[in-house]
Amino acid sequence: MLLGVNIDHIATIRQARGTHYPSVVKAALDAEKAGADSITLHLREDRRHMQDQDLYELKPLLTTKMNLELAPTDEMIKIALDVKPQDVCLVPERREERTTEGGLDIVKNYNSIKDACDRLAAGGIRVSLFIAPNIKHIEKVIMMNVPVIEIHTGHYANLQDKKPRLEELTNIENAVNFSHEAGLIINAGHGLHYNNVKEIVKIKNIEELNIGHSIVAEALFVGWKRAIKDMKKIIMENTPK
């Protein structure tokens, strides 16, 4: 199972003071050296962390790939088509949220999301949709001919009691199995940290986990490269053979 390292919160620290440091470019390149299989970043409409310039600086320097998270808006699609990252993951976005709180509503917004996907695919960009582990939504993704989904693990990550956590793990596993049988590539992420990631890693047929906040937090105590290597080790030790 691969590890995509999200560097958004490196930029969050930078934006808190409006400085030029810490460098998101250095963070991304060091993450690759530490074993990251891709670099994930989210360009939000309010530019609360990543800035447009960051995308343009990073794209020619990355040796793995850029996974760019965007809301499916006309402005964001135009930026993606100009930057041309290898992957774009379309995500829902609300200005008042602290972080992405759920998956795209594929059923309600089918036509607008499909149009965004078609435009990105025509530009040579592989498209992923960030969705809840919901079979009805996955069926809509299949209708769109989108190759990749990223399953939102935030609900699982927030649950404290054992029974509902196990129930959500079952939902995720069922969604992964259904998607795999349909030929989709499956990624997962949101809210994963060094303790709760193990159970997700044990689910077969997930190709990549995208993790950021917990790695940035751990890096305060052990260093950036060590934090990434430690997460990578957990993934390698728990991935099904």
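Reference entry: report on the structure contained in this document. (Residues numbered from 1 in each chain as written. Predicted model: local features only at pLDDT ≥ 70, side-chain atom pairs only at ≥ 80, totals over all residues. Heavy atoms only, no water.)

Ordered by their spatial adjacency, eight strands build a closed barrel running β1-β2-β3-β4-β5-β6-β7-β8, and the pairing between neighbours is parallel. Recorded for the sheet is a direction-independent mean angle of 25 degrees between the axes of neighbouring strands. Where strand β1 (residues 2-6) lies against strand β8 (residues 208-211), four bridges are found, and the strand directions are parallel. Bridge pairing in β8 places G4 opposite N210. Its contacts with the sheet place helix α6 (residues 135-144) against β5 (126-131) and β6 (148-152), and it is angled at close to 165 degrees to β5. (Pairing = 2+ DSSP bridges. Helix = DSSP H or I, 4+ residues; strand = E, 2+ residues; numbered from the N terminus. Axes fitted to C-alpha atoms, helices over the stretch in contact; angles between N-to-C directions. Contact = heavy atoms within 4.5 Å.)

Here the focus is unusual backbone geometry. The amide bond that connects Y21 to the next residue, P22, takes the cis arrangement and shows omega of -5 degrees. Here P22 shows up in the loop between α1 (8-17) and α2 (24-33). A positive phi angle, close to 55 degrees, is found at R47, a residue other than glycine. A positive phi angle, near 80 degrees, is found at N205, a position not held by glycine. Among the structural elements, N205 can be located in the loop between α9 (197-201) and β8. Since its relative accessible area comes to 37%, N205 is described here as partly exposed. (Buried < 20%, exposed > 50% of the residue type's maximum accessible area, 1.4 Å probe, protein only.)

A separate point is a nonpolar patch on the surface. There is a patch of nonpolar side chains on the surface, built from L220, F221 and V222 and spanning about 360 Å² of accessible area. As for its placement among the helices and strands, L220 is situated in helix α10 (residues 213-222). On the accessibility criterion, L220 (66% relative accessible area) is exposed. (Patch = residues over 30% accessible without salt bridge, like charges linked within 9 Å, V, L, I, M, F, W, Y side chains within 5 Å. Areas by Shrake-Rupley, 256 points an atom, 1.4 Å probe, with all protein chains shown as cover. Salt bridge = Lys/Arg side-chain N within 4 Å of Asp/Glu carboxyl O.)

Each regular strand displays side chains that alternate between the two surfaces of the sheet. For strand β2 (residues 38-42), the tally of buried residues reaches five of five residues, placing the bulk of the element in the interior. Residues of β2 alternate between two faces, with S38, T40 and H42 on one and I39 and L41 on the opposite face, all of them buried. Across three bridges, the pairing between β1 and β2 is parallel. Paired with G4 across the two strands is S38, which belongs to β2. Of the pairings in the sheet, the one linking β2 to strand β3 (residues 66-70) comprises four bridges and is parallel in character. By the bridge assignment for β3, H42 is matched with E69. Regarding topology, helix α3 (residues 52-58) serves as the crossover connection from β2 to the parallel β3, and that connection is right-handed. (Right-handed = clockwise from strand over helix to strand, strands pointing away.)

With that settled, consider empty space enclosed by the protein. Applying the stated criterion across every chain yields a total of one cavity of 30 Å³ or more. Taken as a whole, the largest cavity encloses approximately 30 Å³ of empty space. Around the largest cavity, the lining residues are K65, N67, D87, R126, S128, V148, N187, E208 and N210. The residue makeup of the lining of the largest cavity, split by class, is one nonpolar, four polar and four charged. (1 Å grid on protein atoms, 1.4 Å probe; cavity = no way out; pocket = protein on both sides within 12 Å on 5 of 7 lines; lining within 4 Å. Points joined across faces, edges and corners; volume = space filled by probe spheres on them. Nonpolar A, V, L, I, M, F, W, Y, C, P; charged D, E, K, R; others polar.)

Moving on: the layout of surface pockets. Of the pockets and cavities examined, the second largest pocket occupies roughly 210 Å³. Considering the residues around the second largest pocket, the lining is formed by I10, I13, P22, S23, K26, A27, D30, V216, A219, L220 and W224. Secondary structure elements with two or more residues in the lining of the second largest pocket: α1, α2 and α10. Considering only residue class, the lining of the second largest pocket consists of eight nonpolar, one polar and two charged.

Here we come to helix α5 (residues 110-122). Because an α-helix completes one turn every 3.6 residues, residues spaced three or four positions apart along the sequence face the same direction. In this model α5 runs 18 Å from its N-terminal to its C-terminal C-alpha over 13 residues, within 8% of the 18 Å that 1.5 Å per residue would give. Within α5, burial applies to Y110, I113, A116, C117 and L120. Buried positions in α5, seen along its axis, are confined to an arc of 135 degrees and lie on one side of it. Of the residues in α5, the exposed ones pointing more than 90 degrees away from the buried face are N111 and A122. (Expected span 1.5 Å × (residues − 1). Arc of directions from axis to C-beta.)

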